[in-house]
Structure formats: C-alpha cells, structure tokens
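Residue-level structural notes
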Amino acid sequence: MPGNLIDTPAHRFAPGADALARALAADLPADVVRPDAPVTAISRRTAGGLEVRTPSSVLCAEDVVVAVPPALALARIDFGSQMSPGLARLARTTPVWMGTVAKVVARYPAPFWRDAGLAGAAVSRTGPLRELHDMSGPGGRPAALFGFAPAQAVGPDFEQAVTAQLTRLFGPAAAQPETLHIQNWSGEPWTAPPTVHHLTDYFLFGHPLYRQPALEGGLHWAATETATQYAGHIEGALAAAERAVTAALTTKETNPCSR
Ligand SMILES: Cc1cc2nc3c(=O)[nH]c(=O)nc-3n(C[C@H](O)[C@H](O)[C@H](O)COP(=O)(O)OP(=O)(O)OC[C@H]3O[C@@H](n4cnc5c(N)ncnc54)[C@H](O)[C@@H]3O)c2cc1C
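Residues numbered from 1 in each chain as written. Predicted model: local features only at pLDDT ≥ 70, side-chain atom pairs only at ≥ 80, totals over all residues. Heavy atoms only, no water.

A word on the overall build of the protein chain
Inclusion rule: For the purposes of this entry, the term helix denotes a DSSP run of H or I that reaches at least four residues, the term strand denotes a run of E that reaches at least two, and both are numbered from the N terminus. Residue burial is assigned from relative accessible area. The probe radius is 1.4 Å, only protein chains are included, and a residue is buried under 20% of its type maximum, exposed over 50%, and partly exposed in between. Here, residues are in contact when the closest pair of their heavy atoms is within 4.5 Å. Accessible surface is estimated by sampling points in the Shrake-Rupley manner with a 1.4 Å probe; for residues, cover comes only from the protein chains shown. Charge assignment in this entry is limited to Lys and Arg as positive and Asp and Glu as negative, and neither His nor the chain termini are counted. To locate a charge, take atom NZ for lysine, CZ for arginine, CG for aspartate or CD for glutamate.
Along the protein chain, the regular secondary structure elements total six helices and 10 strands. On the principal axes, the C-alpha backbone points of the protein chain span a range of 70 × 35 × 35 Å. Scored against the burial criterion, the 259 residues of the protein chain give a buried share of 37%. Restricting the contact set of the protein chain to residue pairs at least 6 apart, pairs at least 24 apart contribute 66%. Element-wise, carbon and sulfur atoms account for 57% of the exposed surface of the protein chain, whose accessible area totals about 14900 Å². Taking the average location of the 20 positive side-chain charges in the protein chain and that of its 22 negative ones, the two points are 3 Å from each other.

Structural notes on the domain arrangement of the protein chain
In plain terms, the rule: Boundaries between domains were set according to an automatic or database domain assignment.
Domain assignment breaks the protein chain into domain 1 (34-97 + 195-258) and domain 2 (101-187). Inter-centroid distance (C-alpha atoms) of domain 1 to domain 2 is 36 Å.

Section: the pairing of strand β7 (residues 131-134)
The criterion, for reference: Paired strands, as defined in this entry, are two strands with at least two bridges between them according to DSSP.
The sheet contact formed by strand β6 (residues 122-123) and β7 spans two bridges and is antiparallel. Residue pairing for β7: V123 is matched across the bridge by E131. As defined by bridge partners, β7 adjoins strand β8 (residues 143-150) across four bridges and the pair is classed as antiparallel. Residue pairing in the sheet places L132 in a bridge with G147 of β8.

Here we look at the environment of L129
As for its position among the elements, L129 is in the loop between β6 and β7. Taking the C-alpha atoms as reference points, L129 and A153, separated by 24 residues in sequence, lie 9.1 Å from one another. What L129 contacts, discounting residues up to four positions off in sequence, is V104, S124, G147, F148, A149, V162, Q165 and L166.

Looking at the packing of aromatic side chains
Worth spelling out the cut-off: Each aromatic pair joins two rings of Phe, Tyr and Trp (for Trp, the six-membered one) with centres within 6.5 Å, and gets the label stacked for planes under 30 degrees apart, edge-to-face for over 60, and tilted for any other angle.
All told, the structure shown has eight aromatic pairs when counted by the stated rule. Aromatic side chains Y202 and F205 sit 5.3 Å apart centroid to centroid with 70° between the ring planes, which places their arrangement in the edge-to-face category. Classification of F205 as buried rests on a relative accessible area of 15%. Here the aromatic residues W97, Y202 and F205 are joined through ring pairs into a cluster of three or more.

Describing the site of the ligand
For clarity, the cut-off: If even one non-hydrogen atom of a residue comes within 4 Å of a molecule or strand, that residue is called near it. Polar contacts here mean pairs of N or O atoms no more than 3.5 Å apart (in protein, one a potential hydrogen donor and the other a potential acceptor; neighbouring residues in sequence count only if both atoms are side-chain atoms). Under the convention adopted here, Pro, Cys and the residues Ala, Val, Leu, Ile, Met, Phe, Trp and Tyr are nonpolar, Asp, Glu, Lys and Arg are charged, and Gly plus all remaining residues are polar.
Close contacts around the ligand come from 18 residues, with V39, T224, G232, H233 and I234 the closest. Here H233 contributes a backbone N or O atom positioned 3.3 Å from an oxygen atom of the ligand. Protein contacts shield 64% of the accessible area of the ligand, which totals 1000 Å² for the unbound molecule. Class assignment of the residues belonging to the shell around the ligand gives a composition of 14 nonpolar, three polar and one charged. Looking at which domains feed residues into the shell around the ligand, each of domain 1 (34-97 + 195-258) and domain 2 (101-187) supplies at least three.

What about the sheet that holds strand β1 (residues 41-44)?
Our working definition: The axes used here are C-alpha line fits, helices contributing only the stretch in contact, and every angle between their N-to-C directions lies in the interval 0 to 180 degrees.
Spatial strand order, β1-β2-β3: three strands in an open sheet with antiparallel pairing. Single-partner strands in this sheet number two, and they are β1 and β3 (57-61). If you compare each strand with its neighbour and ignore which way they point, the axes differ by 20° on average. Bridge count between β1 and strand β2 (residues 50-54): four bridges; the pairing is antiparallel. Considered in β2, the bridge of I42 is made with V52.

What about the layout of surface pockets?
If a probe the size of a water molecule is rolled over the atoms, the empty space left behind becomes visible. The line we're drawing: In this analysis, the protein atoms alone were mapped onto a 1 Å grid. Cavities are point sets where a 1.4 Å probe fits without being able to get out; pockets are open sets with protein on both sides within 12 Å along at least five of seven lines; lining residues have an atom within 4 Å of a point. Grid points are joined across faces, edges and corners, and a volume is the space filled by probe spheres set on the points.
In this structure, the second largest pocket encloses a volume near 250 Å³. If you trace the second largest pocket, you find 15 residues lining it, with T100, V101, A149, P150 and Y202 closest to the centre. Partitioned by chemical class, the residues of the lining of the second largest pocket number nine nonpolar, four polar and two charged. Two domains each donate at least three residues to the lining of the second largest pocket, and these are domain 1 (34-97 + 195-258) and domain 2 (101-187).

A few points about the environment of H133
Relative to the helices and strands, H133 is located in strand β7. Under the relative-accessibility criterion, H133 is labelled buried at 10%. As a C-alpha pair, H133 and A119 span 14 residues in sequence and 7.9 Å in three-dimensional space. Non-local contacts of H133, meaning those with residues more than four positions away in its chain, are made with I6, D7, G120, A121, A144, L145 and F146. Here the side chain of H133 touches E131 through a polar contact of 2.7 Å, side chain to side chain.

Put into structure tokens, the structure is as follows:
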C-alpha cells in the first residue's frame, strides 16, 4: 500500500512459488525429473566421470550439479573421502537460508486491515512473529496475513501467542482466523540438516570455494547459499545455477561414462 516502508518493490508468484519449478520441469523430457530418488552418494569413478547413487539406481555423469543447501548435502549425501577437508568443513557449516524459521499463515474472510488503512506489514518484537506481511491473493481473495517466527518458538502455546500478537497489531478482527497454517522449516528433512540451529555464519554464503568444481572437477554447487549475490533468495539460486551450468559446459572430459 502507498507509504508502506516495509514491503520494498517485489514480485509474487500468484499461483505459488512452485510454479517456477513446475514450469521449468514441464520443458524437460519425461522421466528426467525423479522426485522420489534422493541422492545418497556421489564419488569420482576411477574410469572417469562421477557416480551418483540413489536408493534404487546408480548413474554415471560427466558433471553433477548439487542444487541442495551445502550443509544438507553433507548431511544426506556420502561424498566419501574424496571431498577436500576444507570444502567439507565449509559446506557443513554454511547456514541454510530460512532453515530455522517457521512460517505462519492466518487466513481471514476479508482483508479487514486494509479497511482500517493498515498495510498488513509489521516488524515486531512483542510476540513469536518477527516480520509480517499481507499475503492476500489478487483483489484481497483469499485474505491472509503471514509472519515468520523462530522455529524454536513453536510449542504448545504457539497458536495462542500468534493470534494474541495479530490482535495487538491489527485489531480485534485478527483474533479469530479461519485457519492458521504453521510450517516449521527446520523440521523438513529435505530442507534443513539436523544441525541447522547451530549454523550461524552467514558470511560463508557465496564463499569462493563454491565456485571451484570439486571431486577433481565435475561437481558443481548451485544452491542459493553458494551465490555471490542475492544468496538466500530465489534470484541467488538462479544465479548460482547459471554459474554451475556454464562451468559444466566448459568441462573438457568427453563421454567418460562410456568407459
Ligand atoms: C519460509 C521461506 C520463505 C522464503 N521467502 C522467500 C522470498 O520471499 N523470496 C525469495 O526470493 N526467496 C524466499 N525464500 C528462499 C527460497 O525459497 C530459496 O532461496 C530457494 O528455494 C533456494 O533454491 P535452491 O534451488 O537453492 O534450493 P531449494 O529450493 O532448497 O531446493 C533444494 C531441493 O533439493 C532437494 N533435495 C534435498 N536433498 C536432496 C538429495 N539428497 N537428493 C536429491 N534432492 C534433494 C529438496 O527436496 C529440494 O527440492 C524463502 C524460503 C523459506 C523457507
């Protein structure tokens, strides 16, 4: 809304952020995207190329792009002893952006705060939600407010504390949301490693080691945490992916998997 200093100009995926991944995947040949095949191990083959293991298959690849938060990759994927100790230490200690937050969405029959001239945005220190925004759809339908809370604040009294805070900020109409969705990202096994609450050095984002192919070449990092600009954001993930693909396309080894 005019005069709202918290929400800087930005774009929203009206159908949801997964629309981006789905649209990219739609252009790929069938069977290329395998969502139920988590990678469990990556190693360099003596004959050349990299071996990628999943619970149900073993693949050989000239290049592998790891588009997984580095700390999560180290927790879930066995790189054996081939990864340099410096890179392994860096990856294990790089934070996962938003990996320690819970996102709360409160849905209402109408965006009542707009009628009161309120933007639906706030920075708060008087409840579990620290940063709040208007999350309504086009034309205010559906009407919703969302906020981020530290994941560790989620407990038995969490919902009550959230609605009390929303009421303090936006008035009595906020006291009874139609629904309250709580998504704790720190507990998602494919987003955050078990160590996520101990990873705090955000200066490791975009570290130069992430720009060097690993495992003697062929292993490229493309997670948003490895980007030099906009690390943590979708824009950072896209930039890191462009860097990784450019590096992969200039790899010299040809068809090592035929050997
Ligand atoms: C609550 C929240 C709000 C956010 N809000 C914004 C925002 O407003 N704007 C913005 O720009 N960004 C936002 N972000 C950040 C944005 O989601 C990330 O920057 C982006 O998703 C990073 O993309 P990525 O490809 O690096 O990694 P991810 O999106 O994390 O993708 C990694 C993928 O790897 C998969 N995976 C994990 N382990 C394995 C394995 N072993 N084998 C195979 N696959 C594996 C995962 O399932 C996942 O699909 C937000 C994040 C959160 C959690």
